[in-house]
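Topology and contacts: notes
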Amino acid sequence: MCPSEPTAPSSPAPLAGRVELLDVTEEILEKLLDVALTDAAADDVTPPLGASAGWNQERISWFRNYHRAAAAGLDGPAAEKSWAVSCGGRLAGSIRLKCTGTEPSGMPALETGLWLGRSFRGRGIGREALKLVSAVASAVGAAVLQAETTAGNTAAQALLRSAGAELAGDGVITPLTARITL
Ligand SMILES: CC(C)(COP(=O)(O)OP(=O)(O)OC[C@H]1O[C@@H](n2cnc3c(N)ncnc32)[C@H](O)[C@@H]1OP(=O)(O)O)[C@@H](O)C(=O)NCCC(=O)NCCS
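Reading the values: rules and limits
- The numbers attached to residues start from 1 for each chain and follow its sequence in the written order.
- Owing to the predicted nature of the model, reporting of local features is limited to residues with pLDDT of at least 70; listing and counting of side-chain atom pairs is limited to 80 or more, with chain, interface and lining totals taken over all residues.
- Only DSSP runs of H or I with at least four residues qualify as helices, and only runs of E with at least two residues qualify as strands; both kinds are numbered from the N terminus onward.
- Two things to know: the radius of gyration comes from C-alpha atoms, and the globule rule equals 2.2 Å times the number of residues to the power 0.38.
- Whether a residue is buried, exposed or partly exposed is read from the other C-beta atoms within 10 Å of its own C-beta, which are placed from the backbone; 20 or more gives buried, 12 or fewer gives exposed, and intermediate counts give partly exposed.
- Proximity of a residue to a molecule or strand is defined by its backbone-placed C-beta atom lying within 6 Å of that partner.
- Working rule for helices: expected span equals 1.5 Å times residues minus one.
- Here the arc refers to the directions that run from the helix axis out to each C-beta atom.
- Think of pLDDT as the predictor's per-residue confidence, scored from 0 to 100.
- For the purpose of contact definition, each residue receives a C-beta atom placed from its backbone, and two residues are in contact when these atoms lie within 7 Å.
- If DSSP finds at least two bridges between two strands, the strands pair.
- Put simply, a nonpolar core is buried Ala, Val, Leu, Ile, Met, Phe, Trp, Tyr and Cys residues tied into one set by C-beta atoms within 7 Å.

**Topic: the overall build of the chain**
- In terms of regular secondary structure, the chain is built from 5 helices and 7 strands.
- Put simply, the chain runs from its N terminus to its C terminus through helices and strands in the order β-α-α-α-β-β-β-α-β-α-β-β.
- Since a compact globule built from 182 residues should have a radius of gyration of about 16 Å, the 16 Å found for the chain is in line with a globular shape.
- The dimensions of the chain, computed from C-alpha atoms along their principal axes, are 50 × 45 × 35 Å.
- Within the chain, the proportion of its 182 residues that are buried is 32%.

Structure, rendered in structure tokens:
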């Protein structure tokens, strides 16, 4: 269920049909940035950048440049596509798919990552967004979807395990890598 929507215990609206992936147009980009700035930690959304901790101009510029580059999709120069995650018409966060090369099987190697605003977490939205992106990955011929997280990120680990991922690595010296068989 999306935040701030009335709860109807007798007939809850199914979440699955309410989570959508939207292309990041210029209009959506600014709205997504607003969700990121007001409802997410900078470290959840961007690499560490700039001299000051938290949100700063360097991180905001990175955010805009990143989504603009990813607008060209997997076949574009960045070999990456990002979407805004929408739930019941409200922007909740973002998910991405990047082509990192070829698996030993010859299938495309694809990696995903996502973040949601704090007020949207813990409601099944991440799980639904991951399902939608897995379907895109399957459609472009991938058999496995990979993601990386850290040892301390229990929410990400739970989400990835819930999607059937096998996790490898210690998450400290080597990244914790999840592989989801599609
Ligand atoms: C990680 C993140 C995307 C999870 O999305 P979410 O919508 O909150 O997750 P969901 O509600 O869909 O939950 C999916 C599963 O994870 C579990 N889970 C979610 N948050 C959890 C938490 N904080 N602790 C333990 N388990 C958690 C749920 O119980 C559910 O398990 P189930 O399918 O077995 O019932 C979200 O917490 C987030 O945006 N975090 C900050 C950014 C980040 O860490 N991104 C991860 C990059 S890989």
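**Things to note about the site of the ligand**
- The environment of the ligand is formed by 22 residues, the closest being Arg121, Gly126, Arg127, Ala158 and Ser162.
- Elements that contribute at least two residues to the shell around the ligand include exactly β4 (108-116), α4 (125-139), β5 (144-149) and α5 (154-162).

**Regarding helix α1 (residues 26-39)**
- A rise of 1.5 Å per residue sets the reference length of α1, with its 14 residues, at 20 Å; its end C-alpha atoms lie 20 Å apart and thus fit the reference within 8%.
- Among the residues making up α1, those that are buried are Leu32, Val35 and Ala36. Taken end-on, α1 shows its buried residues confined to a sector of 95°, consistent with a single buried face. Turned more than 90 degrees away from the buried face of α1 sit Glu26, Glu27, Glu30, Asp34 and Thr38, all of them exposed.

**Structural notes on the confidence of the model for the chain**
- Confidence along the chain averages 91 in pLDDT terms, with 92% of residues attaining 70 or more.
- Here residues 1-11 is modelled with pLDDT under 50, and outside its nearest four sequence neighbours on either side it reaches 11 contacts, counting other chains as well.

**Here we look at unusual backbone geometry**
- Its identity as a non-glycine residue notwithstanding, alanine 79 has a phi of 50°, on the positive side.
- Relative to the assigned elements, alanine 79 resides in the loop between α3 (57-70) and β2 (80-87).

**Quick notes on α4**
- Along its 15 residues, α4 runs 21 Å from first to last C-alpha, staying within 8% of the 21 Å computed at 1.5 Å per residue.
- Listing the buried residues of α4 in full gives Ile125, Gly126, Glu128, Ala129, Leu130, Val133, Ser134 and Ala137.
- Once α4 ends, the next one or two residues include glycine 141, with phi positive near 100°.

**Notes on the pairing of strand β7 (residues 176-181)**
- Only one face of β7 is buried: it carries Leu176, Ala178 and Ile180, and the other face, with Thr177, Arg179 and Thr181, is open.
- Strand direction decides the pairing type here: β5 and β7, joined by 6 bridges, are antiparallel. Paired with threonine 149 across the two strands is leucine 176, which belongs to β7.
- Both strand β6 (residues 166-168) and β7 contribute to a ladder of 3 bridges, which runs antiparallel. Paired with glutamate 166 across the two strands is arginine 179, which belongs to β7.

**Description of the nonpolar core**
- One finds Val85, Ala92, Ile95, Leu116, Ile125, Ala129 and Leu160 to be the most contacted residues of the largest nonpolar core, which totals 41 residues.
- In terms of residue count, α4 provides more of this core than any other element does, 5 residues in total.
- Other than its neighbours up to four places away in sequence, isoleucine 95 contacts Leu21, Trp83, Val85, Thr112, Leu114, Ala129 and Val133.

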